[in-house]
Amino acid sequence: RNKLHASSATTSDLSPMNLLVVTLWYLKHYHSEPYIASELNFTHQGVNYFLSAVVDILHSFVYPAFVSLPADLPNKRIPHGPQEHHKLIVDSTCVAIPQPHDPEQRKKLYYAKSSTNYGIKVQVACDFRHRIVHVSECYHGSVHDFAVLGESGLLEHVEESVQVVGDKGYIDKEYVDTPRKKHCGRKLTQEDKDFNRNINSARAAIENINQRLKTYAICGSVYR
């Protein structure tokens, strides 16, 4: 509250609750700060200050409370019997950005699956209860999912009793199970098909989570 009231001279009639509502409105619809300032009859500087302050406060309280690996992860029971050692499901998602002006930045941030062909990549992990338990730092769009997993620190929590389910972007990573690929000129065995079906069924959880994140315009549209 002290931080929020530090600039009370700019927008003195904004209560903490109103600030929270404005911030959630901004996060949901991702309107520009000048637009919010004009709609609420505030200064652009004031809107920028308060949004930054409230987002920082939300992050400091929400992230530790809702995004954290359980301390007793190896002992967690999961509903998938054949995957008794699989505790986490991981995948990356991309936030589209405008085309950078610098050629070097364009090379680093190139991501073909983005609506603009450029983006920043974030890795998200959830447990089998569909709870987000880990979010990586942001990476350039050109960085491979394999490299993001290695640099994210998530593998420090992985062992024989705590393994990860991922897509084909994580093939050959230790303690990560991915769908089995069909070798050239050969067909998948029934065992391979059953294995892939189980893996893909589990992966649906993280796919749904990433899709829900994109309902927020800050993830689903071009990040300014």
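Residues numbered from 1 in each chain as written. Predicted model: local features only at pLDDT ≥ 70, side-chain atom pairs only at ≥ 80, totals over all residues. Heavy atoms only, no water.

S.K.: Got a minute to help me understand unusual backbone geometry in this structure?
M.R.: Outside of glycine, negative phi angles account for most residues, and trans bonds account for most peptide bonds. Phi at Tyr30 takes a positive value of approximately 55°, unusual for a residue other than glycine. Note that Tyr30 resides in the loop between helix H2 (16-29) and helix H3 (33-40). A positive phi angle, near 70°, is found at Tyr175, a position not held by glycine. Positionally, Tyr175 belongs in the loop between strand S5 (163-165) and strand S6 (176-177). (Helix = DSSP H or I, 4+ residues; strand = E, 2+ residues; numbered from the N terminus.)

S.K.: Looking at this structure, how should I read helix H6 (residues 145-152)?
M.R.: Because an α-helix packs 3.6 residues into every turn, residues spaced three or four apart end up facing the same way. Within H6, burial applies to Asp145, Val148, Leu149 and Ser152. Angularly, the buried residues of H6 cover 100° about the axis, an arc narrow enough to put them on a single face. Looking at the buried positions of H6, the neighbouring elements they touch are strand S1 (86-96), strand S2 (119-127), strand S3 (132-135), strand S4 (139-140) and S6. The first or second residue beyond H6 is Gly153, which carries a positive phi of 90°. (Buried < 20%, exposed > 50% of the residue type's maximum accessible area, 1.4 Å probe, protein only. Arc of directions from axis to C-beta. Contact = heavy atoms within 4.5 Å.)

S.K.: Please explain the packing of aromatic side chains as it appears in this structure.
M.R.: The geometry of two aromatic rings is summed up by the distance between their centres and the angle between their planes. Counted according to the given criterion, the structure contains four aromatic pairs. Ring centres of Tyr110 and Tyr118 lie 6.0 Å apart, and the angle between their planes is 80°; this geometry places the pair in the edge-to-face category. Connected via pairs of aromatic rings, a cluster forms that spans Tyr26, Tyr30 and Tyr223. (Phe/Tyr/Trp six-rings, centres within 6.5 Å; stacked < 30°, edge-to-face > 60°.)

The analysis is restricted to geometry; functional conclusions fall outside its scope.
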